[in-house]
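Observations on the model geometry
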Amino acid sequence: MSDTNAKLTIGDESWDLALQEGSVGPSVLDIAALYKNTGHFTYDPGFTSTASCESKITYIDGEQGTLLYRGYPIEQLADHGDFLETCYLLLYGELPTKAQKDDFVHRVTYHTMIHEQMSRFFTGFRRDAHPMAIMVGTVGALSAFYHDSTDISDPHQRMVASLRMIAKMPTLAAMAYKYHVGQPFVYPRNDLDYSSNFLHMCFAVPCEDYKVNPVLARAMDRIFILHADHEQNASTSTVRLAGSSGANPFACIAAGIACLWGPAHGGANEAALNMLAEIGSVDNIPEYVRRAKDKDDPFRLMGFGHRVYKNYDPRARIMQKTTHEVLAELGMRDDPLLEVAIELERIALNDEYFVEKKLYPNIDFYSGITLRALGFPTTMFTVLFALARTVGWIAQWKEMVEDPSQKIGRPRQLYTGYPSRDYMPISQRR
Ligand code: CMC
């Protein structure tokens, strides 16, 4: 990292600020000592111009629409790799050799069962509980079951916790689904690959054979790859912030899941599919586009726009291809929601409002149609996102914990409330 200087001038005084260069992407002004040297804070609600950390994991070029995991373009990983290989890459920084991959796959596969007593957690939830509520609770509860991997100062325990979460997340997600639909839990099967095993745990029932369709398993795997990491997004920043206090990794990932749940983040795929269903027909699209552009109407086109991408989200392209593959495999080429989606995309991409604001479809625009075709109810969509993002959260958490300069995250504020005032007895208040 080469340093040059920038100058900050306030009134008559000037200070030098180090300008740090990353390996690619915009340089950053190092303001860590700003308050100490100048007595000023910076103000950046929503962190639109703030780099919260140094990271070597994921890079996004929002203007170009590129996404790299450890330097590898997402398109290449989605086309040629698989999810567990991607997990290895994100966690360890390099693609595995054959021997490393076999060992990693083996270790993940043999950690997929959860402590049997954990199943009682599920039955404590109401049947109509949202599966994300179940996930927040049960993932946090892992810290009550795996005490031997909560000491974050021990590298071995950190790695065991990481593997446990990658391995057990599909089991927990499938159990949340089974509980939600009132079916018995299905145990993991070690003879199946990661994504096939997940589909099996979700869709098999004890009364008949379930054969995993390899085209659908490959689509599931690709969806997991596409969602595996996305640099310092809201949920990842939440995991880092929670972890910065030294909290155990299971609790940190539960915090990430809570953040992901919101409709502006992971909940957007559910919201996008609901929106497509509400639009219902191509004829209604102009009315919804008009509403999305109306400043006085809170309606937004879900699955459109992104904080970082000001170009087509590269994941959306791969997702669109996957959607077509899944619908073709299932004989659902004429899905009316796909028809609405394609036409909505066409109209929005040619509309001045969306063009000028650089609003393009994001990954969530097409993922909902695919997940629904795979058989998942909308309430499970964000759970699947959480399952896939777990490895990204863990890789980022691990990077932070292993950084010797790591400090507890503690932003400052621009205070606009009352200055100091004296307590008033209740009899004198009006
Ligand atoms: N439909 C209509 N107008 C929009 C939309 C949209 N989907 N997204 C942004 N805008 C407008 C917004 O009203 C604003 O207009 P103006 O400048 O006139 O005030 C302008 O575009 C900039 O939007 P912003 O809200 O300042 O941008 P942001 O970076 O704060 O928000 C976003 C990004 C993703 C929250 C937002 O685009 C959005 O709400 N999209 C719909 C939800 C969605 O699809 N989220 C999934 C994101 S991808 C998955 C993930 O990473 O979690």
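In this text, all values refer to a predicted model and were calculated from it rather than measured experimentally. (Residues numbered from 1 in each chain as written. Predicted model: local features only at pLDDT ≥ 70, side-chain atom pairs only at ≥ 80, totals over all residues. Heavy atoms only, no water.)

1. Describing the side chain of Ser195
Rules: Only DSSP runs of H or I covering at least 4 residues are called helices, and only runs of E covering at least 2 are called strands; the numbering of each starts at the N terminus. Only heavy atoms enter the contact rule, under which two residues are in contact if any of them lie within 4.5 Å.
In this fold, Ser195 is placed in helix H8 (residues 194-203). If near-sequence neighbours (up to four positions away) are discounted, Ser195 is found in contact with Ala217, Met220, Asp221 and Phe224.

2. Some remarks on the pattern of salt bridges
Counted only if it meets this: Any Lys or Arg side-chain nitrogen located within 4 Å of an Asp or Glu carboxyl oxygen qualifies as a salt bridge. Relative accessible area decides the class of each residue, using a 1.4 Å probe on protein chains only: under 20% of the type maximum gives buried, over 50% gives exposed, and in between gives partly exposed.
Per the counting criterion, the structure on display carries 22 salt bridges. With its nearest N and O atoms 2.7 Å apart, the salt bridge here joins Asp102 to Lys98. You can see Asp102 and its partner Lys98 sitting in helix H4 (residues 98-109), 4 residues apart, about one turn around the helix. According to the relative accessible area criterion, Asp102 is partly exposed, its value standing at 40%. It is possible to trace a salt-bridge network through shared partners that takes in Asp82, Glu85 and Lys101.

3. Points about the side chain of Ser119
The topology assignment puts Ser119 in helix H5 (residues 119-123). Judged by relative accessible area, Ser119 falls into the buried class, the value being 18%.

4. Considering the nonpolar core
If you look at soluble globular proteins, the nonpolar side chains tend to sit buried side by side. Quick reminder of the rule: Throughout this description, the term nonpolar core refers to a set of buried Ala, Val, Leu, Ile, Met, Phe, Trp, Tyr and Cys residues connected via side-chain atoms within 4.5 Å.
One finds Phe198, Met220 and Phe376 to be the most contacted residues of the largest nonpolar core, which totals 112 residues. When residues of this core are assigned to their parent elements, the largest contribution, 14 residues, is made by helix H18 (residues 381-401). Excluding residues that lie within four positions of it along the chain, Phe376 makes contacts with Phe198, Leu199, Cys202, Phe203, Met220, Leu371, Phe381 and Leu384.

5. Some details on the sheet that holds strand S4 (residues 58-61)
Basically, it comes down to this: When DSSP locates at least two bridges between a pair of strands, those strands are taken to pair.
The 3 strands lie next to each other as S4-S5-S6, forming an open sheet whose pairing is antiparallel. Of all strands in the sheet, those with a lone pairing partner are S4 and strand S6 (72-73), marking the two edges. Sheet analysis places strand S5 (residues 66-69) next to S6, joined by 2 bridges and oriented antiparallel. Counted as the bridge partner of Tyr69 is Tyr72 from S6.

6. Brief notes about the packing of helix H7 (residues 155-181) against H18
Filter applied, for reference: The convention used is that axes are lines fitted to C-alpha atoms, helices contributing only their stretch in contact, and that angles between N-to-C directions extend from 0 to 180 degrees. Convention used here: angles under 35 degrees read as roughly parallel, angles over 145 as roughly antiparallel, angles from 65 to 115 as roughly perpendicular, and any remaining angle as oblique.
Across the interface, H7 lies against H18 with an axial gap of 9 Å and an inter-helix angle of 170 degrees. Judged by the inter-axis angle, H7 sits roughly antiparallel to H18. Note on element contacts: H18 touches H7 through Val383, Leu387, Thr390, Val391, Ile394, Trp397, Lys398 and Val401, opposite Arg158, Met159, Ser162, Met165, Ile166, Met169, Pro170 and Ala173.

7. So, unusual backbone geometry
The backbone of Phe47 sits at a positive phi, close to 50 degrees, despite the residue not being glycine. Turning to its location among the elements, Phe47 is positioned in the loop between helix H1 (34-38) and S4. The backbone of Glu231 sits at a positive phi, close to 50 degrees, despite the residue not being glycine. For Glu231, the location among the structural elements is in the loop between helix H9 (214-227) and helix H10 (234-244).

8. Some details on the site of the ligand
This is how it is decided: What makes a residue near a molecule or strand is one non-hydrogen atom of that residue sitting within 4 Å of it. In protein, a polar contact means a hydrogen-donor-capable atom and an acceptor-capable atom, both N or O and within 3.5 Å, with residues adjacent in sequence counting only if both atoms are side-chain atoms; elsewhere, any N or O pair within 3.5 Å suffices. Calculation of accessible area relied on Shrake-Rupley with a 1.4 Å probe; when residues are assessed, cover is drawn exclusively from the protein chains displayed. Only Asp, Glu, Lys and Arg are considered charged, only Ala, Val, Leu, Ile, Met, Phe, Trp, Tyr, Cys and Pro nonpolar, and every remaining residue, Gly among them, polar.
Taken together, 19 residues are adjacent to the ligand, and His265, Lys295, Arg300, Leu301 and Arg307 come closest. Tyr353 places a polar side-chain atom, nitrogen or oxygen, 2.9 Å from a nitrogen atom of the ligand. Asn362 places a polar side-chain atom, nitrogen or oxygen, 2.9 Å from an oxygen atom of the ligand. Relative to its free-state accessible area of 940 Å², the ligand is covered by the protein chains to the extent of 75%. Residues belonging to the shell around the ligand are distributed by class as follows: 8 nonpolar, 6 polar and 5 charged.

9. What to know about the packing of helix H6 (residues 131-141) against H7
Put simply, the rule reads: Helix crossings are classified by the rotation of the near helix relative to the far one: an anticlockwise turn of less than a right angle makes the crossing left-handed, while a clockwise turn makes it right-handed.
Contact geometry for H6 and H7: axes closest at 10 Å, N-to-C directions at 135 degrees. Looking at the two axes, H6 sits oblique to H7. Where H6 crosses over H7, the two elements pack in a sense that is right-handed. Touching Pro131, Ile134, Met135, Thr138 and Val139 of H6 are Met169, Leu172, Ala173, Ala176, Tyr179 and His180, all from H7. Looking at the contact of H6 with H7, its residues break down into 9 nonpolar, 2 polar and no charged.

These figures come from the coordinates and say nothing about function on their own.
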